[in-house]
Amino acid sequence: MPELAEVEFYRRQWDPGLGQKIMRVQIHPRKRIFRGSNPRAFVRELTGSCFLRSFAWGKQMLFEFSGGNWIGIHLGMTGTLRIEPPNFRPEKHDHLVLHQARRSLVFRDARLFGRVRFHRGQSAPPWWRAGGPDIASDTFDRKFLDAFLRRHGRAPVKSVLLLQSGFAGIGNWMADEILWRAKIPPLTAAGALTAAQGTRLFRETRFVASESLRIIGPNFSDPPRDWLIHQKWKRDGVCPKHHTPLRKAIIGGRTTAWCPRCQK
DNA sequence: ACCCCTGTTCGGCG
DNA sequence: CCGCCGAACAGGGG
């Protein structure tokens, strides 16, 4: 489910708990969601600490607590964050619950493709910001984009849009939205894009990232009706521009929809 | 019952 | 060694 904008939305869900103490922590410690961490030891440290700040970066989130305690969360395909009452009892897929005096902060993930990582230290963990540059930042510029496309020049551009080392936070629906707006066929080799296509890819990547953050981030509002996302999952989806039937194929292992008239 | 899935990682292969 | 691709992970929904 979650890409850049949805991740930002879920990060904000825990905001009501900022500045408040963690009274009790409940986990399902054996779940693979905690792979690579020692959750039981961390729970001892976290209990009694204060929830200080949170950050989002691509599809990654980082939550900072007093005493040098940090939690990194990746939502995978089906992860969500939400608030529940203080005495909330976790259900089957609620793998991490931070109880505060007035509410509980809950992480749920049915499919367990997500990941929760713990870190102790004075600064953010080394794995934080290990991915590509923030698309909104100056580091994500034409030079970076062109070099990245060249480096993965033989792969279909659709597959390259899904690489988090270059397009942090872009997932399947945003990738198709970007390529549709940039008028680029998804099977085009990344190294074979024309200069004009490169220019449009850069512009529309920035546009889709910033617009979806603005629309979805605060309250999960729907993107405008003329965005491709509303058509791409339909069996008989059509191009929002002129109602040409969309084409579908598996590219880079993922369902891809595009308009054969706009994107050629 | 069967097929689908907004993600990442790993092993095989060229 | 690099990079590409398919499979695997696991469960719910159509």
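Residues numbered from 1 in each chain as written. Chains lettered and ligands numbered in written order. Predicted model: local features only at pLDDT ≥ 70, side-chain atom pairs only at ≥ 80, totals over all residues. Heavy atoms only, no water.

So, on to the sheet that holds strand β5 (residues 79-84). An order of β1-β6-β7-β5 is seen for the four strands of this open sheet, with the pairing classed as antiparallel. Of all strands in the sheet, those with a lone pairing partner are β1 (24-27) and β5, marking the two edges. Each strand axis lies, on average, 10 degrees off the axis of its neighbour in the sheet, ignoring direction. Two strands pair when backbone bridges link them, and β5 and strand β7 (residues 104-109) are joined in this way by six bridges, in the antiparallel orientation. The residue bridging Arg82 from the neighbouring strand is Val106, located in β7. The strands touched by helix α2 (residues 39-46) are β1 and β6 (94-99); relative to β1, the strand with the most contacts, the crossing angle is about 165 degrees. (Pairing = 2+ DSSP bridges. Helix = DSSP H or I, 4+ residues; strand = E, 2+ residues; numbered from the N terminus. Axes fitted to C-alpha atoms, helices over the stretch in contact; angles between N-to-C directions. Contact = heavy atoms within 4.5 Å.)

Considered domain by domain, chain A is made up of domain 1 (4-120) and domain 2 (142-258). Taking the mean C-alpha position of each, domain 1 and domain 2 sit 30 Å from one another. Contacts between the two partners involve nine residues from domain 1, matched on the other side by 15 residues from domain 2. Here domain 1 meets domain 2 over a buried area of about 1,000 Å², counting both sides, of which 70% is carbon and sulfur. The tally of links from domain 1 across to domain 2 stands at zero salt bridges. Of the residues belonging to the side of domain 1 that touches domain 2, the class tally is four nonpolar, one polar and four charged. (Domains from an automatic or database assignment. Buried area = accessible area lost by both parts, 1.4 Å probe. Salt bridge = Lys/Arg side-chain N within 4 Å of Asp/Glu carboxyl O. Nonpolar A, V, L, I, M, F, W, Y, C, P; charged D, E, K, R; others polar.)

Here we take up the nonpolar core. In this structure, Leu161, Phe167, Ile170 and Leu201 are the most contacted members of the largest nonpolar core, which totals 30 residues. At the level of secondary structure, the elements contributing two or more residues to this core comprise α1 (4-13), α3 (142-151), α4 (157-161), α5 (172-182) and α6 (195-219). In contact with Leu161, other than residues within four places in its own chain, are Phe167, Ile170, Ala175, Ile178, Leu179, Leu201 and Thr205. Counting 27 residues, the second largest nonpolar core, distinct from the first, contains Phe42, Ile73, Leu81 and Phe118. (Core = buried A, V, L, I, M, F, W, Y, C linked by side-chain atoms within 4.5 Å. Buried < 20%, exposed > 50% of the residue type's maximum accessible area, 1.4 Å probe, protein only.)

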